[in-house]
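Given next are the chains, with one letter for each unit.
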Amino acid sequence: MRISLNWLRELVEIKLSHEELAETLTMAGFEVEDIEDRRTWANGVVVGRVLERQPHPNADKLSVCQVDVGTGETLNIVCGAANVRADIYVPVATTGTYLPNIDLKIKPAKLRGVPSQGMICSLKELGLPTDLDGIHIFPQENLSVGSDVRPLLGLDDVILDVAATANRADALSMVGIAREVAALTGAQLSIPAPGEVSVFQNAGALSLKIADTQACPAYIGTVIDQVKIATSPEWLQQRLRAAGVRPINNIVDITNYVLLEWGQPLHAFDKERLKSVGGTETLQIGVRFANSGETLKTLDGQTRNLATQNLLITANDKPVALAGVMGGEETEVHDGTQSLVLEAALFDSVAIRRSSRSVGLRSEASGRYERGVNRAELEVACRRALSLIAELAGGVIVHQEIADTRPDPSTWSHSISLRLDKVNDVLGPVILGEDTGELVAEDVERILTALGCQLTATEEKSWNVTVPPYRYRDLEREIDLIEEVARLYGYDRFCDTLPDKAEAGYLPLDQELTRKLRAALRAEGLTELIQYSLVKPGNSRQIVLSNPLFAEYSALRTDLLSGLIDAFQYNLEQGNGSLNGFEIGRIFWQEEEGLLEKDAIAGIMGGDRTIGKWSKGGKEQPMTWFEAKGILESVFQELGIQVEYQPDCRDARLHPGRTASLWIRGTSLGVFGQLHPQLRRDKDLPESVYLFQLDLNVLLDALDQDEILIPAFKAYSTYPASDRDIAFFAPVKISVADIEKAITKAGTGLLESVEMFDEYRGENVPQGQRSLAFRLVYRAGDRTLTDTEVEPVHNKVREALVEKFGVNLRS
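All residue numbers here refer to positions counted from 1 along the written sequence of the relevant chain. Since the coordinates come from a predicted model, pLDDT governs what is reported: local features require at least 70, and pairs of side-chain atoms require 80 or more to be given and counted, while whole-chain, interface and lining totals use all residues. Side-chain descriptors were evaluated using all non-hydrogen atoms of the structure, hydrogens and water having been removed beforehand.

**A closer look at the sheet that holds strand S2 (residues 31-37)**
Think of it this way: DSSP has to see at least two bridges between two strands before they count as a pair. Per the convention used, a helix needs a DSSP run of H or I reaching at least four residues, while a strand needs a run of E reaching at least two, with both numbered from the N terminus. Taking strand neighbours across the sheet as the criterion, the 3 strands line up as S1-S12-S2 in an open arrangement whose pairing is antiparallel. Bordering the open sheet on either side are strand S1 (2-4) and S2, each of which pairs with just one other strand. Strand-to-strand twist of the sheet, defined as the mean angle between neighbouring strand axes without regard to direction, takes the value 25°. Note on method: axes are straight lines fitted to C-alpha atoms, helices fitted across the in-contact stretch only, with angles between N-to-C directions ranging 0 to 180 degrees.

Laid out in structure tokens, this is it:
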């Protein structure tokens, strides 16, 4: 907000220079983004009187003027403005004057052969906005020739561009800034109290209909007759220009002036135009939400398509304004307006924010309503506007209608408990000369009292603080009051000591193990993926959001596999080839007992992991089921855990004959398998696509074992091994994992490793069976084994296989 120091001085005593005031406000949380010193814009420009104007002898569009600037010598000035004439008062830049806005220093010159000893200035040349072409002519009479023009043009002022934080709605007004300056500097406030206005009640002149009292808790409609539309007085125009607002006419300027002074948006309607839109002589002002399909042409000339979240002001149920945002063009005040309806209202901040965003329109009014307008000073701002309309436009107030559903005024100021010990605990020590100390009770009482709070001592070093109504939105808790104490005491007056040196941190075990798991998967050539947790709805177990941003992202994912399949397909479509990747993320689902969630890890594989295809004729080699399984096995081996595989066919997305469930010590870990052929064809994917999904918590629990976290060294044997092969026919339904488990158990003591090296099905193999061959390696750590030691153990293995599985031994 642009703050005029001349205007601010009328509201609060200012003893600081503008640089010191800017520094004080910035340190208190109101950053001064720019200082506009207007006094430099017209330094050396004085009031002159044109005594005589003659046409230039050598140029049709130039004039030669004789100008009196009070020095006793008449200046000869060449002027190119069409509106220059004799006997007018004008701003004159004398020789040596520098005009920074046009970067020009005035020097004696000759224009078309005629000497010129200065320049008659326009407002644009002095840095002031204007719609008029030509030089500026002072409307006042009998001005003192040679006097400084800056007081006449409002250029004896300094403008501070202050940025208020989002929680300080009260700071978007001159009164709010004045209160803040008074609290910071201890200066005396002199905010004018608007006088009472006389209302001549005219029954039936206006009625109100508020359809939604939550969106509009208070509305004051005032009918004003005998209004004379004219140009605003110069003092009002100067204040508006200083604030960056363009003057329009006295009525519109008054509403803008009160908006800047008190932070209360107002709007003036032409009463006769309201009746014309409403279609009847009786006038009912309403507040309601728009119906779908309604339109409104706003003051900026744009026709707005309205939605159900747009709050409207209506005349006999016909839209005439976007409530709290902008008025309508059909009912605006114009030069022929003679009667008004002045609106002063409170609107809900959420309703105005949604309405403003839906039509893509923000205004000075909507910016204040969105932050929260002071509900306690609505009537004050309304009276201020009415008194100015009566004074500057000759308006007569004939009727006022009020709809008020605000809570009782006693609730507008709430109380907060504040403890001095808590203040010092949060803020820390303060600098007291060369020593340090703590804030004392007198400091806290002085600061909060200056802010308009009322303090009542409840016990030693604690208070019950009553917050003023204009701060009810941002002072809600004890910590808010502590922040105010720090802000006004001065952040720079607190000690900047650092806390004691902390001990070196460390990762929690689950995070450390998860990092290790990520590293193992990356080492196997898998790329980590990150995908949205929000997916399309369609699964009965999904958790559906009640307020989604988009319909495509309105449910939480129940697994990671669907997203990985889509990512695989997307990579192929973009020409990036098959994807080898994994994702660690959270999944969600609902059961009868409620909503559940857990962390999972999933992966998809199918691309050729080798680099350089020259040895294969430039062709990619599809990944086999066992190669994909080997990637998982390598990860498990790196982590040091044993995982069992069991046939599984429960997931319809996976191949029913090439899918296994994974288990750790009897606990289900997850699933691994090949993509179902039908799904593969539907998505046009290659045949060799494999997926896995594991329960991350189960995996981390399995890793949380002392022998895995702190592996112990195991001595290796320096003696040679003795290996034996064993071959047999076994039923197909018996898994190799079960056979290896039985062999390992039977050979305990001497058996070092067991590995299957051959499988055969076909000719000479009984129906429903397969031929398997294993190599068993026996070794002792303290000696070389002999055949007499190995054979009994090997025979024990053979007998265990026959007894447990009924295999038919071939060797």
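**Regarding unusual backbone geometry**
Positive phi is not limited to glycine here, since Gln226 has a value of about 60°. Position of Gln226 relative to the elements: it lies in the loop between strand S14 (218-225) and helix H5 (234-242). A residue is classified by how much of its surface remains accessible, and Gln226, at 54% relative accessible area, is exposed. For every residue, the accessible area obtained with a 1.4 Å probe (protein chains only) is divided by the maximum for its type, and the residue is called buried under 20%, exposed over 50%, and partly exposed between those limits.

**Thoughts on the sheet that holds strand S21 (residues 326-327)**
Backbone-to-backbone hydrogen bonds join strands into a sheet, with any given pair of strands oriented parallel or antiparallel. Read across the sheet, 5 strands follow the order S13-S16-S19-S20-S21 without closing on themselves; strand pairing throughout is mixed. The outermost strands of the open sheet, each flanked by one partner alone, are strand S13 (207-210) and S21. As paired elements, strand S19 (residues 311-315) and strand S20 (residues 318-322) share 4 bridges and run antiparallel to each other. Following the sheet pairing, Leu312 is matched in S20 by Leu322.

**Points about the nonpolar core**
In this structure, Leu8, Leu160, Tyr219, Ile251, Ile313 and Phe347 are the most contacted members of the largest nonpolar core, which totals 94 residues. In terms of residue count, helix H10 (residues 378-393) provides more of this core than any other element does, 9 residues in total. Once residues within four sequence positions are removed from consideration, Ile313 is found in contact with Tyr219, Phe269, Ile285, Gly286, Val287, Lys318, Pro319, Val320, Ala321, Ala323, Glu343 and Phe347. We define the nonpolar core as a collection of buried residues of types Ala, Val, Leu, Ile, Met, Phe, Trp, Tyr and Cys that are connected through side-chain atoms lying within 4.5 Å of one another. Two residues form a contact once any of their heavy atoms are found within 4.5 Å.

**Some points on a nonpolar patch on the surface**
Residues Tyr532, Leu534, Leu549, Phe550 and Tyr553 make up a contiguous nonpolar surface patch of about 600 Å² in total accessible area. With respect to the helices and strands, the residue Leu534 is situated in strand S30 (residues 534-535). Exposure above 30% relative accessible area and the absence of a salt bridge qualify a residue for a patch, where like charges join within 9 Å and nonpolar side chains (Val, Leu, Ile, Met, Phe, Trp, Tyr) within 5 Å. Working definition of accessibility: Shrake-Rupley area with a 1.4 Å probe, residue cover restricted to the visible protein chains. Just to be clear on terms, a salt bridge is a Lys or Arg side-chain nitrogen sitting within 4 Å of an Asp or Glu carboxyl oxygen.

**Describing a negative patch on the surface**
On the surface, a cluster of negative charge is made up of Asp701, Asp704, Asp706 and Glu707. Accessibility expressed as a relative area gives 39% for Asp704, which makes it partly exposed. Under the convention used here, Asp and Glu are negative, Lys and Arg are positive, and both His and the chain ends fall outside the count. Lysine's charge is taken at NZ, arginine's at CZ, aspartate's at CG and glutamate's at CD.

**Topic: H10**
Each residue after the first adds 1.5 Å to the expected span of a helix. Helix length check: H10, at 16 residues, gives a terminal C-alpha distance of 22 Å against a target of 22 Å (1.5 Å per residue), a fit within 8%. Those residues of H10 that fall on the buried side of the exposure criterion are Leu378, Val380, Ala381, Cys382, Arg384, Ala385, Leu386, Leu388, Ile389 and Ala393. Where the residues of H10 are buried, they touch S14, helix H6 (250-262), strand S15 (266-270), strand S22 (340-346) and strand S23 (396-404). Just downstream of H10, Gly394 is the residue with a positive phi angle, here 70°.

**Observations concerning the packing of aromatic side chains**
Two rings from Phe, Tyr or Trp (for Trp, the six-membered ring) form a pair when their centres are within 6.5 Å of each other. A pair whose planes differ by under 30 degrees is stacked, one over 60 is edge-to-face, and the rest are tilted. Going through the model one piece at a time under the given rule, you end up with 8 aromatic pairs. Here Trp625 and Phe626 contribute two aromatic rings whose centre-to-centre distance is 5.4 Å and whose plane-to-plane angle is 80°, an arrangement assigned as edge-to-face. A relative accessible area of 64% places Phe626 in the exposed class. With centroids separated by 5.2 Å and ring planes inclined at 55°, the aromatic side chains of Trp625 and Phe672 adopt a geometry described as tilted. Pair noted here: Trp625 is in helix H16 (residues 625-639) and Phe672 is in strand S36 (residues 667-675), with a separation of 47 residues, a long-range link.

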